[in-house]
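# Remarks on the overall topology
In case you want the letters, here they are:
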Amino acid sequence: MTDSPETPIVIVGGGLAAGTATGSLRERGYDGPLIVLADEPHLPYERPPLSKGYLMGKDPIEKALVHDAGWYAENRVDVRTGVRVESIDVDGHTVTAGGETLAYRALLLATGARPRRLPLADEAGVPVTYLRTIESSTALRAELRPGRRIGLIGGGWIGLEVAAAARAAGAEVTVLEMAAQPLLAVLGEEVATIFADLHRAHGVDLRTNVKVASIEQTEAGGARIGLESGESVDVDHLVVGVGAVPATELAEAAGIVVGNGIRTDARLRTSAPAVFAAGDVANVDHPLLGRAVRTEHWDTAIKHGRVAAANLLGGDEAADALPYFFTDQYDLGMEYVGNSGPDGFDRVEILGDVAGLSFKVWWLRTEGDRERVVAGMHVNGWDAIDEIRTTVGTLR
Ligand code: FAD
């Protein structure tokens with residue numbers, strides 16, 4: 001193992017987990033060489049604004065940077081953007097990128113996730129956005145204007161946030177969702193219906209239980225989406241939001257154990273010595289939930305970045321934070337804590353003023369003659385978050 005003080009800690013990936021880890025390593029007193037290899041042409045940045053403030057033209061992209069260029073310079077963090085790591089030698093403790101081989105004393109894989117592609121859309125050659133990068137958000141922003149017809153395939157979080165941004169810009173929006181409600185699997189029928197109603201109230205043509213059967217280019221250069229029902233929808237621009245796939249290929253090729261992401265223990269250690277994984281790509285043995293959990297959440301990337309930093313330095317911290325997620329759509333802001341997992345939930349309790357968009361929700365699973373709170377959420381009730389954090393996981 002190469003662990004001389006001159007051998008750097010190397011981080012692969014230029015997202016939130018990578019950016020957070022750099023800050024945390026320096027805060028924890030690591031003074032040695034630190035290299036970030038990031039394939040995008042940007043300093044590490046946060047993605048939530050790409051479907052919210054930045055997409056809506058409210059916030060400059062600089063606001064999304066984890067640290068600015070000055071910070072990296074002051075803290076002697078060598079961020080190499082536009083550099084794709086091609087391979088890892090876990091025995092030799094090296095990575096190869098752009099023909100150069102770099103030794104590492106410890107390695108963090110924070111390669112994130114990529115949008116799942118929809119071959120029907122790609123093969124049709126229609127104008128389509130898969131929202132993940134600054135470039136994709138900038139391009140989509142230009143499409144969101146009055147009268148422009150935007151078609152969204154997938155009523156997940158990103159799809160619905162784009163729908164809200166598009167409506168705010170005056171575009172006409174059609175959302176095509178395969179399930180009976182958008183967000184059904186996570187939220188369950190009652191709460192998913194609240195989101196569906198919200199979008200319809202804002203003029204979104206939300207179609208559920210629909211299956212896309214074909215996509216072809218229209219004469220005007222837009223997309224004609226054929227549905228299995230025989231109907232079709234013509235749009236000027238298509239946005240596909242059908243989930244993301246963890247970027248595991250580098251780890252897999254290096255012989256690191258993967259399975260729905262890079263598998264790690266609770267300390268974010270992979271199967272290879274001195275190699276850690278964090279953020280969207282990490283499928284982590286969660287010490288409180290008692291199973292492997294991979295989330296694609298902003299907060300997880302931050303928490304993992306910090307825990308990874310501690311353990312890259314030989315620490316023994318566990319990634320034990322409960323999954324936390326937030327979204328903003330129209331005048332609905334919410335925070336959600338928990339993860340009901342494969343066992344799901346048996347009952348949902350909604351407390352407060354749903355019509356006034358000010359309420360709290362508990363997701364409950366029966367255990368014997370009691371109920372476990374497996375998740376909680378507030379809508380526009382920001383003071384409730386502490387109670388939600390302490391209640392989730394408890395029995396009542
Ligand atoms: P990423 O941000 O994906 O960063 C990984 C980076 O590694 C990428 O730049 C990738 O190109 C790079 N990379 C991959 N392979 C290599 C390689 N071989 N060499 C070099 N670099 C490589 N979460 C919320 O909780 N709330 C929200 O409201 C929310 N909104 C979102 C909106 C959008 C549009 C998107 C896309 C995501 C949103 N998320 C939200 C999710 C959140 O942004 C992610 O969980 C977070 O970005 C994960 O950070 P990460 O560092 O793990 O991965």
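Since the model is a prediction, treat every value here as computed from it, not as a measurement. (Residues numbered from 1 in each chain as written. Predicted model: local features only at pLDDT ≥ 70, side-chain atom pairs only at ≥ 80, totals over all residues. Heavy atoms only, no water.)

## A closer look at the site of the ligand
Neighbouring residues of the ligand: 35 residues in total, closest D39, E40, R47, K52 and D280. Within the contact set of the ligand, an oxygen atom lies 2.9 Å away from a backbone nitrogen or oxygen of A17. Between the ligand and the protein, one listed contact pairs an oxygen atom with a backbone N or O atom of H297 at 3.1 Å. Protein chains shield 96% of the accessible area of the ligand, which is 1000 Å² for the free molecule. Breaking the shell around the ligand down by element, the ones donating at least two residues are α1 (16–27), β2 (34–38), β8 (113–115), α5 (157–168), α8 (298–312) and β22 (324–329). Counting residues domain by domain, the shell around the ligand receives three or more from each of domain 1 (9–114 + 244–312) and domain 2 (117–240). (Near = heavy atom within 4 Å. Polar contact = N/O pair within 3.5 Å; in protein donor to acceptor, adjacent residues only side chain to side chain. Areas by Shrake-Rupley, 256 points an atom, 1.4 Å probe, with all protein chains shown as cover. Helix = DSSP H or I, 4+ residues; strand = E, 2+ residues; numbered from the N terminus. Domains from an automatic or database assignment.)

## Quick word on the environment of A308
Along the polypeptide, A308 turns up in helix α8. A308 gets classed as buried once you look at its relative accessible area, which sits at 0%. Considering only alpha carbons, one finds A308 and A17, 291 residues apart in sequence, at a separation of 9.0 Å. Residues contacting A308, with those up to four places away along its chain left out, are L108, L268 and A278. (Buried < 20%, exposed > 50% of the residue type's maximum accessible area, 1.4 Å probe, protein only. Contact = heavy atoms within 4.5 Å.)

## Focus on the domain arrangement of the protein
Domain boundaries in the protein define domain 1 (9–114 + 244–312), domain 2 (117–240) and domain 3 (331–391). Taking the mean C-alpha position of each, domain 2 and domain 3 sit 27 Å from one another. Facing the 11 residues of domain 2 at the interface are 13 residues of domain 3. Of the roughly 900 Å² buried where domain 2 meets domain 3, counting both sides, 81% is carbon and sulfur surface. Counting the contacts that link domain 2 with domain 3 gives zero salt bridges. Our count for the contact surface shared by domain 2 and domain 3 stands at one residue pair in polar contact (both at pLDDT 80 or more). The greatest single-element share of the side of domain 2 that touches domain 3, amounting to nine residues, is contributed by helix α6 (residues 184–201). Residue classes in the side of domain 2 that touches domain 3 are distributed as eight nonpolar, two polar and one charged. (Buried area = accessible area lost by both parts, 1.4 Å probe. Salt bridge = Lys/Arg side-chain N within 4 Å of Asp/Glu carboxyl O. Nonpolar A, V, L, I, M, F, W, Y, C, P; charged D, E, K, R; others polar.)

## Remarks on the packing of α5 against α6
With their axes 11 Å apart at the nearest point, α5 and α6 run at an angle of 20° to one another. Overall, the two elements α5 and α6 adopt an arrangement that is roughly parallel. Handedness of the crossing formed by α5 with α6: left-handed. From α5, W157, L160, A163 and A164 reach across to α6, where they touch L187, F195 and H199. (Axes fitted to C-alpha atoms, helices over the stretch in contact; angles between N-to-C directions. Parallel < 35°, antiparallel > 145°, perpendicular 65-115°, else oblique. Left-handed = near helix turned anticlockwise from the far one by under 90°.)

## Details of unusual backbone geometry
A positive phi angle, near 65°, is found at A274, a position not held by glycine. When you line up the elements, A274 lands in the loop between β18 (262–264) and β19 (275–277). The phi dihedral of Y330 is positive, around 55°, even though this residue is not glycine. Note on placement: Y330 falls in the loop between β22 and β23 (332–338). The class for Y330 is partly exposed, based on a relative accessible area of 25%.

## Quick word on the pattern of salt bridges
Close approach of charged atoms lets side chains of opposite charge pair. This structure, assessed with the given rule, holds 27 salt bridges. As a salt-bridge pair, D31 and R76 come within 2.7 Å of each other at their nearest N and O atoms. Taken together, the residues D31 in the loop between α1 and β2 and R76 in the loop between α2 (69–74) and β3 (77–81) connect sequence positions 45 residues apart. Judged by its relative accessible area of 54%, D31 is exposed.

## Digging into the sheet that holds strand β4 (residues 85–89)
Spatially, three strands are ordered β4-β5-β6 in an open sheet, and the strand pairing comes out antiparallel. Edge positions in the sheet fall to β4 and β6 (100–103), since each has one partner strand and no second. On average, each strand axis in the sheet is inclined to that of its neighbour by 20°, with strand direction left out of account. Relative to strand β5 (residues 94–97), β4 is paired through four bridges, and the arrangement is antiparallel. When the bridges of β5 are listed, I88 appears paired with V95. (Pairing = 2+ DSSP bridges.)

## Details of the sheet that holds strand β13 (residues 212–217)
Pairing in this open sheet of three strands is antiparallel, and the strands run β13-β14-β15 from one edge to the other. Every interior strand has two partners, whereas the edge strands, β13 and β15 (232–235), have only one. Direction aside, neighbouring strands of the sheet carry axes that sit 20° apart on average.

## A word on the packing of aromatic side chains
In this description, an aromatic ring pair is defined by two values, namely the gap between the centres and the angle between the planes. Counted under the stated rule, the structure contains seven aromatic pairs. Ring plane angle 85° and centroid distance 5.4 Å describe the contact between W298 and F326, whose orientation is recorded as edge-to-face. Of this pair, W298 sits in helix α8 while F326 sits in strand β22, placing them 28 residues apart in sequence. Cluster of aromatic residues (ring-pair linked, three or more members): W157, F195 and F325. Note that R117 overlies the ring of Y130, its terminal NZ or CZ placed 3.8 Å from the centroid. (Phe/Tyr/Trp six-rings, centres within 6.5 Å; stacked < 30°, edge-to-face > 60°. Lys NZ or Arg CZ within 6 Å of the ring centre and 35° of its normal.)

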